[in-house]
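Structural features, examined
Spelled out, the chains give:
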Amino acid sequence: MTLPAATTNIAVYLISNAISEATARGTAISLLFNLRCYKQFHTYVMLLLFKKQL
């Protein structure tokens, strides 16, 4: 095994490891963020519908 290949393998391993950790953390954060955005969006839509009814 040549040195560049070993370095690439290690780099890929570290990157994929970091990505999976970030994904686990990011998923929880994005779920909370999406919920908050959805609530704001829902409130906005309800306000628009309410204004149309007036």
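Below or above, wherever it landed, is the structure these notes cover.

Parameters and conventions
Residues numbered from 1 in each chain as written. Predicted model: local features only at pLDDT ≥ 70, side-chain atom pairs only at ≥ 80, totals over all residues. Heavy atoms only, no water. Helix = DSSP H or I, 4+ residues; strand = E, 2+ residues; numbered from the N terminus. Rg over C-alpha atoms; globule rule 2.2 N^0.38 Å. Areas by Shrake-Rupley, 256 points an atom, 1.4 Å probe, with all protein chains shown as cover. Patch = residues over 30% accessible without salt bridge, like charges linked within 9 Å, V, L, I, M, F, W, Y side chains within 5 Å. Salt bridge = Lys/Arg side-chain N within 4 Å of Asp/Glu carboxyl O. Buried < 20%, exposed > 50% of the residue type's maximum accessible area, 1.4 Å probe, protein only. Polar contact = N/O pair within 3.5 Å; in protein donor to acceptor, adjacent residues only side chain to side chain.

Another aspect to go through is the overall build of the protein. Across its full length, the protein carries 1 helix and 0 strands. Taking 2.2 N^0.38 as the reference for a compact globule, 54 residues should give roughly 10 Å; the C-alpha atoms of the protein span a radius of gyration of 22 Å, well beyond that estimate. When its C-alpha atoms are laid out on the principal axes, the protein stretches across 75 × 15 × 5 Å. Element-wise, carbon and sulfur atoms account for 73% of the exposed surface of the protein, whose accessible area totals about 5200 Å².

To continue, consider a nonpolar patch on the surface. Taken together, Y38, F41, Y44 and L48 make up a surface patch of nonpolar side chains, about 470 Å² in accessible area. Within the fold, Y44 resides in helix α1 (residues 3–53).

Under the definition given, this model contains 1 salt bridge. Where E21 meets R25, a salt bridge forms, and the shortest distance between an N and an O atom there is 3.4 Å. Separated by 4 residues within a single helix, E21 and R25 lie in helix α1, roughly one turn from each other. Assessed through its relative accessible area of 53%, R25 is described here as exposed.

What follows is about the environment of S30. You can see S30 is positioned in helix α1. The class for S30 is partly exposed, based on a relative accessible area of 32%. Only 3.1 Å separates the side chain of S30 from the backbone oxygen of T27, close enough to count as a polar contact.

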